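Architecture and fold: a report
In case you want the letters, here they are:
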Amino acid sequence: MKYVHFSEKGPRQNNEDCCGILESSGKTLFVVCDGMGGHFGGEVASRTVCDTLMAYWQEHAEPDSLQKVLHAAETASVALDEKSGLSAMGTTLVMASVESNQATIAHAGDSRCYVIDIKGNVKYRTLDHVESNSFGHSEITRAFFTGHPESAIPDVKTILLEPLDRLLLCTDGLYNAIDDETLLHTLQCAKDVEQVAEKYLNICNERATDNYTGIIIEIE
């Protein structure tokens, strides 16, 4: 498996995105979090959830399962409440735990995971937890937010992987700066993960209106 990652603040004053990678017990965990804009301490929320999930994975070597992911998410939600005190903090999550020919993917919010094969077929993509409110504005309906453990319940999916499959985990700052056709074409056709990242960064440097974070993975 080859992978590369980046996280940039873009035009914002600080970076509320966070990503982490952990190799442990024969599997590799990839985590991307996006501190929710408009809430104090978004960067603290994203780092807290990311670090807690990686620590949980390191301490629990059992095979990945739905219950393992849900318990890890519950642990991260509790850690966020403890970290926040009386401050309101929130973050999205997308993660993938890759072991051999299998990926366990989980997400809450609008950070995404795409899985594409060498022919360009999209084998899986997460569906954003977003709805329009009565004013016509988009609202995230599921995420990690202080005092709301009921919202910190991710969707979980297990995907079988094949050689040369590629995965992208990213925040909305990346996919909002790149149209879907270009994003998927680049993920499929670039010669390696480094070139995928380079092309994404070039576009985001010109077009991004938010922090942008990505992890690109290729299965060997």
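All figures in this text were calculated on a predicted structure; none of them were measured in a lab.

A few points about the overall build of the chain
The helix and strand tally for the chain stands at five helices and 13 strands. Its C-alpha atoms give the chain a radius of gyration of 16 Å, within 12% of the compact-globule value 17 Å for 220 residues. Sorting the 220 residues of the chain into buried and exposed places 51% on the buried side. By sequence separation, contacts in the chain at least 24 residues apart represent 68% of the contacts at least 6 residues apart. Element-wise, carbon and sulfur atoms account for 48% of the exposed surface of the chain, whose accessible area totals about 10,300 Å². Taking the 17 positively charged and 34 negatively charged side chains of the chain as two groups, their mean positions are separated by 5 Å.

Let's talk about the sheet that holds strand β13 (residues 212-218)
What the five strands build is an open sheet, ordered β1-β13-β12-β6-β7; its pairing is antiparallel. At either end of the open sheet lies a strand with only one pairing partner, and these are β1 (2-8) and β7 (122-125). Pairwise comparison of adjacent strand axes, ignoring direction, gives a mean angle of 10 degrees for this sheet. As paired strands, strand β12 (residues 166-170) and β13 are joined by five bridges and run antiparallel to one another. For Leu167, the partnering residue across the bridge sits in β13 and is Ile217.

So, the pattern of salt bridges
Side chains that carry opposite charge are capable of pairing whenever their charged atoms lie near each other. Under the definition given, this model contains 12 salt bridges. Of the charged contacts in the structure, one is a salt bridge between Glu162 and Lys123, with a shortest N-O distance of 3.7 Å. You can see Glu162 sitting in the loop between β11 (155-160) and β12 and its partner Lys123 sitting in strand β7, a full 39 residues away along the chain. In this structure Lys123 comes out as partly exposed when scored by relative accessible area, which is 28%. Beyond isolated ion pairs, a larger network of salt bridges with shared partners links Lys27, Asp64, Lys68 and Glu99.

Here's the deal with unusual backbone geometry
Despite not being glycine, Ser25 shows a phi value in the positive range, around 55 degrees. Looking at the element boundaries, Ser25 is found in the loop between β2 (17-24) and β3 (27-35). Judged by its relative accessible area of 42%, Ser25 is partly exposed. Phi is positive for Ser100, which is not a glycine, with a value near 55 degrees. Assignment of secondary structure puts Ser100 in the loop between β4 (90-99) and β5 (102-108). Ser100 gets classed as exposed once you look at its relative accessible area, which sits at 64%.

Concerning the packing of helix α1 (residues 42-59) against helix α2 (residues 66-84)
For any two helices packed against each other, one specifies the crossing angle of their axes together with the interaxial distance. At a minimum axis distance of 9 Å, the contact between α1 and α2 shows a crossing angle of 140 degrees. Put simply, α1 runs oblique to α2. Judged by the twist between their axes, the crossing of α1 over α2 is right-handed. Across the interface between the two elements, Val44, Ala45, Thr48, Val49, Thr52, Leu53, Tyr56 and Trp57 from α1 touch Lys68, Val69, His71, Ala72, Ala73, Thr75, Ala76, Ala79, Leu80 and Lys83 from α2.

Description of the side chain of Arg166
With respect to the helices and strands, the residue Arg166 is situated in strand β12. Side-chain polar atoms of Arg166 contact the side chain of Glu218, separated by 2.7 Å.

Comments concerning the side chain of Thr126
Counting through the fold element by element, Thr126 comes out in the loop between β7 and β8 (130-132). Looking at Thr126, its side chain comes within polar contact range of the main-chain nitrogen of Cys113, at 3.0 Å. Not counting residues within four places of it along the chain, the set of residues in contact with Thr126 comprises Ile105, His107, Ser111, Arg112 and Cys113.

As for α1
Look at α1: 26 Å from first C-alpha to last across 18 residues, which is about the 26 Å you get at 1.5 Å a residue. For α1, the complete set of buried residues consists of Gly42, Ala45, Ser46, Thr48, Val49, Cys50, Thr52, Leu53, Met54, Tyr56 and Trp57. Contacts from the buried residues of α1 go to β2, β3, α2, β4 and β10 (144-145).

Quick look at the nonpolar core
Grouped together as the largest cluster of nonpolar side chains are 24 residues, with contacts concentrated most on Val31, Trp57 and Phe144. Of all the secondary-structure elements, those providing two or more residues to this core are β2, β3, α1, α2, β4 and β5. Take this core: its biggest share by element is seven residues, from α1. If we ignore the near neighbours within four places in the chain, the residues touching Val31 are Cys18, Cys19, Gly20, Cys50, Leu53, Met54, Leu93, Val94, Met95 and Ile215. Ala177, Leu184, Leu187 and Cys204 belong to the second largest nonpolar core, which has 23 residues in total.

Calculation rules
Residues numbered from 1 in each chain as written. Predicted model: local features only at pLDDT ≥ 70, side-chain atom pairs only at ≥ 80, totals over all residues. Heavy atoms only, no water. Helix = DSSP H or I, 4+ residues; strand = E, 2+ residues; numbered from the N terminus. Rg over C-alpha atoms; globule rule 2.2 N^0.38 Å. Buried < 20%, exposed > 50% of the residue type's maximum accessible area, 1.4 Å probe, protein only. Contact = heavy atoms within 4.5 Å. Areas by Shrake-Rupley, 256 points an atom, 1.4 Å probe, with all protein chains shown as cover. Lys, Arg positive; Asp, Glu negative; His and termini not counted. Charge placed at Lys NZ, Arg CZ, Asp CG, Glu CD. Pairing = 2+ DSSP bridges. Axes fitted to C-alpha atoms, helices over the stretch in contact; angles between N-to-C directions. Salt bridge = Lys/Arg side-chain N within 4 Å of Asp/Glu carboxyl O. Parallel < 35°, antiparallel > 145°, perpendicular 65-115°, else oblique. Left-handed = near helix turned anticlockwise from the far one by under 90°. Polar contact = N/O pair within 3.5 Å; in protein donor to acceptor, adjacent residues only side chain to side chain. Expected span 1.5 Å × (residues − 1). Core = buried A, V, L, I, M, F, W, Y, C linked by side-chain atoms within 4.5 Å.

Distances and angles like these do not, on their own, reveal function.
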